[in-house]
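The lines below spell out each chain.
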Amino acid sequence: TALRKTLRHWVLWNTFIESYTTNRYRTEDLSGDLVHTLYNIAARDTPKGEDDMPPINYTVSEIDKMLGSAALQRHSNSGHTKKPDFNFTWAKLDDLDHEYAAMAQMMARRYGYGMDEQFLLKNGLDKKKQVCGFASDQRWSCRLALMNETI
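Now for a quick tour of the structure. (Residues numbered from 1 in each chain as written. Predicted model: local features only at pLDDT ≥ 70, side-chain atom pairs only at ≥ 80, totals over all residues. Heavy atoms only, no water.)

## Considering the side chain of Q105
Link 1 in the chain: Mapped onto the elements, Q105 comes out in helix 6 (residues 98-110).
Link 2 in the chain: A relative accessible area of 4% places Q105 in the buried class. (Helix = DSSP H or I, 4+ residues; strand = E, 2+ residues; numbered from the N terminus. Buried < 20%, exposed > 50% of the residue type's maximum accessible area, 1.4 Å probe, protein only.)

## Quick look at the packing of aromatic side chains
Link 1 in the chain: In this structure the tally under the stated criterion is five aromatic pairs.
Link 2 in the chain: Aromatic side chains F16 and F134 sit 6.1 Å apart centroid to centroid with 80 degrees between the ring planes, which places their arrangement in the edge-to-face category. With a gap of 118 residues between them, F16 in helix 1 (residues 2-18) and F134 in strand 1 (residues 128-134) connect regions that are remote in the sequence.
Link 3 in the chain: On the accessibility criterion, F16 (29% relative accessible area) is partly exposed.
Link 4 in the chain: Exposure remark for F134: the relative accessible area of 48% places this residue in the partly exposed category.
Link 5 in the chain: Between F134 and W140, the aromatic rings sit 5.1 Å apart at their centres with planes inclined by 80 degrees, giving edge-to-face as the arrangement.
Link 6 in the chain: For W140, a relative accessible area of 18% puts it in the buried group.
Link 7 in the chain: Each residue in the set F16, Y20, F134 and W140 is aromatic and connected to the rest through ring pairs, giving one cluster.
Link 8 in the chain: The lysine or arginine in question, R24, covers the ring of Y111, its NZ or CZ lying 4.0 Å from the ring centre.
Link 9 in the chain: Directly above the aromatic system of Y113 lies the positively charged group of R26, at a separation of 4.4 Å from the ring centroid. (Phe/Tyr/Trp six-rings, centres within 6.5 Å; stacked < 30°, edge-to-face > 60°. Lys NZ or Arg CZ within 6 Å of the ring centre and 35° of its normal.)

## Points about the layout of surface pockets
Link 1 in the chain: For the second largest pocket, the calculated volume is near 210 Å³.
Link 2 in the chain: As for the second largest pocket, its lining consists of W10, W13, N14, R24, Y25, R26, T27, E28, R110, Y111 and Y113.
Link 3 in the chain: The element that contributes the greatest number of residues to the lining of the second largest pocket is helix 1, accounting for three residues.
Link 4 in the chain: Looking at the lining of the second largest pocket, its residues break down into five nonpolar, two polar and four charged. (1 Å grid on protein atoms, 1.4 Å probe; cavity = no way out; pocket = protein on both sides within 12 Å on 5 of 7 lines; lining within 4 Å. Points joined across faces, edges and corners; volume = space filled by probe spheres on them. Nonpolar A, V, L, I, M, F, W, Y, C, P; charged D, E, K, R; others polar.)

## What to know about the nonpolar core
Link 1 in the chain: Counting 15 residues, the largest nonpolar core has L7, V11, Y100, M103 and C142 as the members making the most contacts within it.
Link 2 in the chain: Contacts of V11, omitting those with residues within four sequence positions, involve Y100, M103, A104, M107, Q130 and C142. (Core = buried A, V, L, I, M, F, W, Y, C linked by side-chain atoms within 4.5 Å. Contact = heavy atoms within 4.5 Å.)

## A short note on the packing of helix 2 (residues 32-44) against helix 3 (residues 60-67)
Link 1 in the chain: The geometry of helix 2 relative to helix 3 is characterised by a closest axis approach of 7 Å and an angle of 115 degrees between their N-to-C directions. Taken as a pair, helix 2 and helix 3 cross one another with a handedness that is right-handed. Here helix 2 contributes G32, D33, V35 and H36 to the contact with helix 3, which in turn contributes V60, I63, D64 and L67.
Link 2 in the chain: Residue composition of the contact of helix 2 with helix 3, by class: four nonpolar, two polar and two charged. (Axes fitted to C-alpha atoms, helices over the stretch in contact; angles between N-to-C directions. Left-handed = near helix turned anticlockwise from the far one by under 90°.)

So yeah, pure geometry; function would need other evidence.
See below:
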């Protein structure tokens, strides 16, 4: 189904990104201060031989105002998305694909999204870990493995 493909894509895309970076930022946590910090890091790390980045032309409070603006809210990336006609739950994802639902939930918690105990997927997940990397066909893949399993 489309939802199962979306679940798998989300897990694969985000684990691939994790393999290349140590820092992650949730878009809903963006603030003027964080934008300034990230811009300064990017400006500092400009590769040699490339033009320096120009100074940022907005204050922290101006960026905060832009981030909270109605115009920005109207331009979110959800206008083209077809909303499902059913309740979207972890249990529903688990029914579609237990392994990828479990990995998505592990990642969501790792990214700082809390959830009530009643919604946590079970089946021994506390004894499993997520393992991702390039498979023999050179495609990025992920799976659940036992904690003590050597990879």
